[in-house]
Amino acid sequence: MPAESRSLNRRHAVYAGSFDPLSLGHLDVIRRGVSLFDRVTVAIGINPAKSPLFSHQERLSIIREVVAPLPRVEVACFEGLAVNFLRSIGAGVMLRGLRTLTDIESEFTMTLANHALDSEIETVFLMASEGYSHISSSLIKQVALLGQEGQEESLAKFVPPAVIVALRNKLRSRPSVPASPA
Ligand code: ADP
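This one's a predicted model, so the numbers in the text were calculated from it and none came from an experiment.

Q: Give me the overall build of the protein chain: which residues, what numbers.
A: Looking only at helices and strands, the protein chain features seven helices and five strands. Reading the secondary structure of the protein chain in the N-to-C direction produces β-α-β-α-β-α-β-α-β-α-α-α. Taken over C-alpha atoms, the radius of gyration comes to 17 Å for the protein chain, in line with the 16 Å a tight globule of 182 residues would show. Dimensions along the principal axes, computed over C-alpha positions, put the protein chain at roughly 65 × 35 × 30 Å. Of the contacts formed within the protein chain by residues at least 6 apart in sequence, a portion of 77% connects residues at least 24 apart. When the accessible surface of the protein chain is summed, it comes to about 10,500 Å², and 55% of that surface belongs to carbon and sulfur atoms. Positive and negative side-chain charges in the protein chain, numbering 19 and 18 respectively, have mean positions lying 3 Å apart.

Spelled out as structure tokens, the structure:
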């Protein structure tokens, strides 16, 4: 066994993603992850090539607020490869969620790449729960951006209350987009 593998903890899972913003589907994976592992780290990937709606600091504080009642969950940001982040904190499991067949294809490729980069890290997939499989961060952003004021009821089907507040504040502070001619 390579010396470096001794420090990895297979009871510590990292759930890495963009979480821009965190959805009820993400939260469901976190909750189920906690029931399977001793410790779950929600890791927000900082990708300089993307322009997220929420900065990583904003995502960090929103997710911390949402997971505060959950035991054994922590939240962090990371730059660079997820496998390097796992290794740096000694976590042995990458936790991912799967919604659709399209997810399977990209997740499969990513898992193979991660395995090639660090074969000691195991990836564990949780299938999205029935009620959450259609929820994505891009759908949430679309509903929030294109929906009308007072449509928070619809957003509540997709995100926790803290995210509704954050979306409302974010959209209020953005310059409004002029309606295009019919
Ligand atoms: P990424 O940019 O890494 O895809 P996301 O924040 O979109 O980051 O997703 C992080 C992880 O959560 C991925 O494994 C994704 O498949 C999973 N996921 C996203 N939405 C859901 C959902 N509604 N139910 C279950 N898993 C989900």
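Moving on from the coordinates now.
Q: How would you summarise helix 3 (residues 82-89) if you had to cite specific residues and measurements?
A: Taken together, the buried positions of helix 3 are Ala82, Val83, Phe85 and Leu86. Down the axis of helix 3, the smallest arc covering the buried residues is 160 degrees, so these residues share one side. Buried-residue contacts for helix 3 involve strand 1 (9-17), strand 2 (39-46), strand 3 (73-79), strand 4 (91-98) and helix 4 (101-117). Within two residues after helix 3, Gly90 carries a phi angle of roughly 80 degrees, on the positive side.

Q: Tell me about empty space enclosed by the protein, and name the residues and values.
A: Any empty space left between atoms is shown by rolling a water-sized probe over those atoms. In total, this model carries one cavity of 30 Å³ or more according to the counting rule given. Size it by volume and the largest cavity reaches roughly 30 Å³. Lining the largest cavity are Met94, Arg96, Glu107, Met110, Thr111, Asn114 and Thr123. Within the residue set of the lining of the largest cavity, elements represented by two or more residues are strand 4 and helix 4. No other element matches helix 4, which puts four residues into the lining of the largest cavity. In terms of residue class, the lining of the largest cavity is built from two nonpolar, three polar and two charged.

Q: Lay out the packing of aromatic side chains with the relevant residues and their values.
A: Taken as a whole and judged by the stated rule, the model has two aromatic pairs. Consider the rings of Tyr15 and Phe19, whose centres lie 5.2 Å apart with planes at 70 degrees: the pair is edge-to-face. Accessibility classification places Tyr15 together with Phe19 in one group, the buried group. A ring pair is formed by Phe78 and Phe85, whose centres lie 5.2 Å apart and whose planes are at 25 degrees; its orientation type is stacked.

Q: A description of the pattern of salt bridges should follow, citing residues and the corresponding values.
A: According to the stated counting rule, one finds eight salt bridges in the structure shown. One salt bridge in this structure joins Lys170 and Glu58, with 2.9 Å as the shortest N-O distance. With Lys170 in helix 7 (residues 161-173) and Glu58 in helix 2 (residues 56-67), this pair connects stretches of sequence that are 112 residues apart. Between Glu107 and Arg96 there is a salt bridge; the shortest N-O distance is 2.7 Å. A residue pair is termed long-range when its members are at least 10 positions apart, and Glu107 in helix 4 and Arg96 in strand 4 qualify at eleven residues.

Q: Describe the side chain of Arg96, listing the residues and the values that go with them.
A: By relative accessible area, Arg96 is classed as buried at 15%. In terms of polar contacts, Arg96 uses its side chain to reach the backbone carbonyl oxygen of Ala16, at 2.7 Å. A distance of 2.7 Å separates polar atoms of two side chains, one belonging to Arg96 and the other to Glu107. Not counting residues up to four positions away in its chain, the partners in contact with Arg96 are Tyr15, Ala16, Gly17, Glu107, Met110, Thr123, Val124, Phe125 and Leu126.

Q: Pulling in residues and values, what's your account of unusual backbone geometry?
A: Residue Pro21 is reached from Asp20 by a cis peptide bond, and omega for that bond is 5 degrees. Here Pro21 shows up in the loop between strand 1 and helix 1 (24-36). We note that Phe19 has phi near 50 degrees; this positive angle belongs to a residue other than glycine. Its location among the elements puts Phe19 in the loop between strand 1 and helix 1.

Cut-offs used in this document
- Residues numbered from 1 in each chain as written.
- Predicted model: local features only at pLDDT ≥ 70, side-chain atom pairs only at ≥ 80, totals over all residues.
- Heavy atoms only, no water.
- Helix = DSSP H or I, 4+ residues; strand = E, 2+ residues; numbered from the N terminus.
- Rg over C-alpha atoms; globule rule 2.2 N^0.38 Å.
- Contact = heavy atoms within 4.5 Å.
- Areas by Shrake-Rupley, 256 points an atom, 1.4 Å probe, with all protein chains shown as cover.
- Lys, Arg positive; Asp, Glu negative; His and termini not counted.
- Charge placed at Lys NZ, Arg CZ, Asp CG, Glu CD.
- Buried < 20%, exposed > 50% of the residue type's maximum accessible area, 1.4 Å probe, protein only.
- Arc of directions from axis to C-beta.
- 1 Å grid on protein atoms, 1.4 Å probe; cavity = no way out; pocket = protein on both sides within 12 Å on 5 of 7 lines; lining within 4 Å.
- Points joined across faces, edges and corners; volume = space filled by probe spheres on them.
- Nonpolar A, V, L, I, M, F, W, Y, C, P; charged D, E, K, R; others polar.
- Phe/Tyr/Trp six-rings, centres within 6.5 Å; stacked < 30°, edge-to-face > 60°.
- Salt bridge = Lys/Arg side-chain N within 4 Å of Asp/Glu carboxyl O.
- Polar contact = N/O pair within 3.5 Å; in protein donor to acceptor, adjacent residues only side chain to side chain.

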